[in-house]
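One-letter residues, chain by chain:
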Amino acid sequence: MEVLAGRYRLIEPIGSGGMAEVWRARDERVGREVAVKLLYEHVHPVERERFAQEVRALAALSHPGVVSIYDLGEEEGRTYFVMELVGGGTFDQLGPFEMGLEGLRPLEAGLDVLSALEHLHSRGVLHRDLTPKNILLTEEGQPKLMDFGLAYLSDATRHFTRTGYTLGTPQYMAPEQAKGAELTPAADLYSFGAVMFRTLTGRPPFTGEHDQAVLYQHVYEPPPDPLEINPAIPAPLARWLLRMLAKEPSDRPQSARQAYRELEAVVAAIRSELTAGARAGLSRSGHFPAGPTRPERLELRARASFEGEAVWPTEPVVFGGLIAFGAGAALRLFRQPGLEPLTPLAAGDEVTAAAAFFGDRVYYADWEGVLRARSLHGSRVFEFPTRAEVTASPLLTARRLYVAGRDGYLYALNHEGELEWAFEAGGHLSAGPTLYRGMLFAASESGWLFALDPGSGKLLYKVETGPIHAHIPAAEGLLVLPTWAGEVHAFDPLKREVLWTYDIEGDLWGSPAVGGGRVYVAGWSGVLYALELATGDEVWTAKPGKVTAGLSLASDVLYVATEAGELIAYDAGDGRELWRAEGLGDVQAAPVSLPGRVYVASLEGRIYEFGEA
């Protein structure tokens, strides 16, 4: 058959299963593309009736996270239904999780799915077969629950479920479903927990040579630690995943609404942590969660003086109402907003490495080569000595912290300061490492990029790049390699290929910013470039003057601090200048943004707070 019901013209098959096949079709009556699901002729009449009854019930649902059902009918002995065509890929394509703004996308999509599950469950509908392939994405990234062929209404249609509750996909099946027990909404939560595990780590919680081996693990074995599979996952997110995968339904969140609230709290915590480490997260993207929505209304709200200079490559870091940066032989602390000075944390020598916060601790290093961990009250936690200066900010994960030194070593410590491994790079490491796609990347001034296993420090591969002084940002599957000579390379770390190279024709000290499909880079040539991340094509340029500081992107606004003492806000889309502050003194420290505020520190020994009027 080519046309169903005189209106649905079948174009091409797009999927199939044990009970049905799915076609891309065109509804010629209203002129739109749809998906048509056709049951096979051999499907038992009882199952066909169950299917039709459940489709009618699902058609009554109305939620942006549930695929819309348009029609139900039968032709030539085959039951069919017509639904919304969703063509943006499967849910797991949002992963793996990266600690940066792109890492929030699968979590925010997860919130949408939980909202849809709450809608279903409140109407007595269980899905029973949540998998990445049954949660499709629209072109705009909105997840839609699909394939309700195994769904049932918890009361109305139980007499149709004679084939048993063990129908489903083994890799994502709840223990009680694997055992054939009566199901509750907690089974869907478990399955979605398994989907999230697969999305965020890159693998399902359990694998085996056959279905029974996988089902046995779901019932009897604890899931693996997600932090060991993907070290970029924060500890609160790992705890939420394991709670969703609890063996006993009573140990999981008691509703989709509760699971939503718990994940929502995790997302809020991650957003706040993205400014607690230099360059906005483990991927060093320089893309901050939020900034002033009307930068043209920024006004000087406060300023404070400090001893010493805020020298490259330091940058202010904000956490828990505090702002911290290195200047002189101390880590300077101020309360924000208002810049009330607090007691500095002493060091043995100049502090130019950006600080990092974790829980109730702050980590900072100095030119004496010592990494210090202090409580927020200033009490000593530990000190770890290297053999030369440390100018790079430490990188913190839930399990480890990584310190790059100018002695040519990358050190991995546990949170108590005990050395787990050290990798010899053979050249000064001026910039901190980047964690991306499950690998730890460090670049040396001798011209090499090293890809390491973050757990063992084992060298996976190395690539000659030219000397690099700045942090390496990463986004959308690519590393952006900013060489000191001014060549910028877009590097695919999985394929180990350079996709494009762009020469900004000037020394490059400050870290680029990456976000929204663009790369923003500026150096001593005095020119700011916006490039397409996928192609390297030039989108726009501006002339802020000589730039040493890293760039900061927030709320579609790019903040650039210059050696001439200016802080400039550009529209990240088209390069229009939105706002400018002058007379700050030479600036080598990257600016940092928060909702409604921007901070920048200068070589003149002053820090400035700008806020929206």
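Further up the page is the structure itself.
Scoring rules and cut-offs
- Residues numbered from 1 in each chain as written.
- Predicted model: local features only at pLDDT ≥ 70, side-chain atom pairs only at ≥ 80, totals over all residues.
- Heavy atoms only, no water.
- Buried < 20%, exposed > 50% of the residue type's maximum accessible area, 1.4 Å probe, protein only.
- Helix = DSSP H or I, 4+ residues; strand = E, 2+ residues; numbered from the N terminus.
- Arc of directions from axis to C-beta.
- Contact = heavy atoms within 4.5 Å.
- Pairing = 2+ DSSP bridges.
- Axes fitted to C-alpha atoms, helices over the stretch in contact; angles between N-to-C directions.
- Parallel < 35°, antiparallel > 145°, perpendicular 65-115°, else oblique.
- Left-handed = near helix turned anticlockwise from the far one by under 90°.
- Nonpolar A, V, L, I, M, F, W, Y, C, P; charged D, E, K, R; others polar.
- Polar contact = N/O pair within 3.5 Å; in protein donor to acceptor, adjacent residues only side chain to side chain.
- Salt bridge = Lys/Arg side-chain N within 4 Å of Asp/Glu carboxyl O.

> Kindly report on helix α7 (residues 235-244), identifying the contributing residues and their values.
Taken together, the buried positions of α7 are Leu-237, Ala-238, Trp-240, Leu-241 and Met-244. Along α7, the residues classed as buried sweep out an arc of 160° about the axis, all on the same side. Tucked into the core, α7 has its buried residues touching α2 (104-122), α4 (185-201), α6 (226-229) and α8 (256-273).

> Hey, could you go over the pairing of strand β4 (residues 32-39) for me, with residue numbers and the actual values?
Two faces make up the sheet, and in a regular strand the side chains alternate between them. Within β4, 6 of the 8 residues are buried, leaving the element largely enclosed by the surrounding structure. Here strand β3 (residues 20-27) folds back onto β4 in antiparallel fashion, the turn holding 4 residues, of which Gly-31 has a positive phi close to 75°. As defined by bridge partners, β4 adjoins strand β6 (residues 78-84) across 5 bridges and the pair is classed as antiparallel. The residue of β6 that forms the bridge with Lys-37 is Phe-81.

> Please give an account of the packing of α2 against α4 that cites residues and values.
The geometry of a pair of packed helices is captured by two quantities: the angle between their axes and the separation between those axes. Packing of α2 against α4 brings their axes to within 11 Å, and their N-to-C directions diverge by 165°. Accordingly, the angle class assigned to the pair α2 and α4 is roughly antiparallel. Pair α2 / α4 crosses with right-handed handedness. Residues Pro-106, Leu-107, Gly-110, Val-113, Leu-114, Leu-117 and His-121 of α2 touch α4, and the partners they reach there are Pro-185, Asp-188, Leu-189, Phe-192, Met-196, Thr-199 and Leu-200. Partitioning the contact of α2 with α4 into residue classes produces 10 nonpolar, 3 polar and 1 charged.

> Can you break down the side chain of Ser-430 residue by residue, with the values?
With respect to the helices, strands and loops of the structure, Ser-430 is situated in the loop between β24 (419-424) and β25 (434-436). Here the side chain of Ser-430 touches Arg-406 through a polar contact of 2.9 Å, side chain to side chain. Other than its neighbours up to four places away in sequence, Ser-430 contacts Thr-391, Ala-392, Arg-406, Glu-445 and His-469.

> Kindly report on the pairing of strand β19 (residues 370-375), identifying the contributing residues and their values.
Of all 6 residues making up β19, 6 are buried, and the element is well covered by its neighbours. Burial of the side chains of β19 extends over both faces: Val-370, Arg-372 and Arg-374 are buried on one face and Leu-371, Ala-373 and Ser-375 on the other. For strand β18 (residues 361-365) and β19, the ladder comprises 5 bridges, and the chain directions are antiparallel. From the neighbouring strand, Arg-361 faces β19, where its bridge partner is Ser-375. Linking β18 to β19, which pair antiparallel, is a turn of 4 residues; within it Gly-369 sits at a positive phi near 90°. Alignment of β19 against strand β20 (residues 380-385), held across 5 bridges, turns out to be antiparallel. The partner of Val-370 across the bridge, within β20, is Pro-385. Between the end of β19 and the start of β20, which pair antiparallel, lie 4 residues, with Gly-378 showing a positive phi angle near 100°.

> Explain the pattern of salt bridges to me, using residue names and the numbers behind them.
By the definition in use, this model includes 33 salt bridges. One salt bridge connects Asp-225 with Arg-399, and the closest N-O pair in it is separated by 2.2 Å. A residue pair is termed long-range when its members are at least 10 positions apart, and Asp-225 in the loop between α5 (211-220) and α6 and Arg-399 in the loop between β21 (395-396) and β22 (401-404) qualify at 174 residues. The exposure class assigned to Asp-225 is partly exposed, which follows from its relative accessible area of 26%. According to the relative accessible area criterion, Arg-399 is partly exposed, its value standing at 33%.

> So what's going on with the packing of α4 against α7? Residues and values would help.
Across the interface, α4 lies against α7 with an axial gap of 8 Å and an inter-helix angle of 140°. Our classification of the angle between α4 and α7 gives oblique. The two elements α4 and α7 meet at a crossing, and its hand is left-handed. From α4, Leu-189, Tyr-190, Phe-192, Gly-193, Met-196, Phe-197 and Leu-200 reach across to α7, where they touch Leu-237, Trp-240, Leu-241 and Met-244. A per-class count over the contact of α4 with α7 returns 10 nonpolar, 1 polar and no charged.

> If you had to explain the environment of Ala-442 to someone new, which residues and values would you point to?
Its location among the elements puts Ala-442 in strand β26 (residues 439-443). When its relative accessible area of 5% is taken as the criterion, Ala-442 is described as buried. For the pair formed by Ala-442 and Ala-431, sequence separation is 11 residues and the distance between their alpha carbons is 7.7 Å. In contact with Ala-442, not counting residues within four places along its chain, are Leu-410, Trp-448, Leu-449 and Phe-450.

> Account for the sheet that holds β25, naming residues and giving values.
Across the sheet, 4 strands lie side by side as β25-β26-β27-β28; this open sheet has antiparallel pairing. What marks the edges here is a single partner per strand, and that holds for β25 and β28 (459-464). Put simply, the sheet's adjacent strands are angled 25° from each other on average, direction ignored. Of the pairings in the sheet, the one linking strand β27 (residues 448-452) to β28 comprises 5 bridges and is antiparallel in character. Opposite Trp-448, over in β28, you have Glu-464 as the bridge partner.

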